[in-house]
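Below, each chain spelled out in residue letters.
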Amino acid sequence: DKALSDGPWPQVAVEASASQLIALPFGGVLVLSEHSVACHSGGAVRAHQVSASGAPTLFRAHGRVDPDGTRWLLSDAAGTLYVLAIGLTDRAEVTSLTLERLGQTVAASAICYLDNGVVYLGSSCADAVLLSLSTEAHEDGSYFSELARWENLGPIV
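Rules of the game
Residues numbered from 1 in each chain as written. Predicted model: local features only at pLDDT ≥ 70, side-chain atom pairs only at ≥ 80, totals over all residues. Heavy atoms only, no water. Phe/Tyr/Trp six-rings, centres within 6.5 Å; stacked < 30°, edge-to-face > 60°. Helix = DSSP H or I, 4+ residues; strand = E, 2+ residues; numbered from the N terminus. Buried < 20%, exposed > 50% of the residue type's maximum accessible area, 1.4 Å probe, protein only. Pairing = 2+ DSSP bridges. Axes fitted to C-alpha atoms, helices over the stretch in contact; angles between N-to-C directions.

Draft legend 1. Local environment of the packing of aromatic side chains. All chains considered together, the criterion is met by 2 aromatic pairs. Taken together, a centroid distance of 5.8 Å and an interplanar angle of 65° make the contact between F59 and Y82 edge-to-face. Linking F59 in strand 5 (residues 59-64) with Y82 in strand 7 (residues 80-88), this pair joins segments that are 23 residues apart in sequence. F59 gets classed as buried once you look at its relative accessible area, which sits at 3%.

Now the structure itself:
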């Protein structure tokens, strides 16, 4: 017989609508939920509200940008692409979370950061796209441009 024992972290600060857990390479976990993105590391918790309007956001995909895990791309069910930046101390303690909206694209089910600002977004319900990220906003307010698009053939049963 095996018995469950208490883990190292309490779950008192986890939002009830949490939908994804992302392991962080420097220790800890990101918790994506409808109203916030939170970083749990030991007993410390940092959270960032997703929408100023309070409308729920259903995250569907994530992809790591930097090998150290301090920047992540997130996509929601409506096709909004975000970048999450995690501020760290020299001892890998989380000091801040910054979530920025990059623009509207396909509703991704997979995100793969390739290199030099190029990102592949795969989708189970829309076309797949290859994007080039930029630091300056374009005329439409987005921070990326589409390099290529592949037609979705699904669903294939």
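Draft legend 2. Geometry of the side chain of S33. You can see S33 is positioned in the loop between strand 2 (29-32) and strand 3 (36-41). We classify S33 as buried; its relative accessible area is 2%.

Draft legend 3. Representation of the sheet that holds strand 7. Sheet architecture is open: 4 strands sit in the order 5-6-7-8, paired in antiparallel fashion. Pairing within the sheet leaves two strands with one partner each, and these edge strands are strand 5 and strand 8 (94-104). Averaged over neighbouring strand pairs, the angle between their axes works out to 25° when direction is ignored.

Draft legend 4. Representation of the pairing of strand 6 (residues 71-76). Of all the 6 residues making up strand 6, 5 are buried; the element is thus mostly covered by neighbouring parts of the structure. Bridge analysis of strand 5 against strand 6 gives 5 bridges, and the strand direction is antiparallel. Looking across to strand 6, one finds that G63 is bridged to L73. As paired elements, strand 6 and strand 7 share 5 bridges and run antiparallel to each other. Bridging from a neighbouring strand, W72 pairs with L84 of strand 7. In textbook terms, the turn of a hairpin is the stretch between consecutive antiparallel strands, and for strand 6 and strand 7 this stretch comprises 3 residues, one of which, G79, has a positive phi near 90°.

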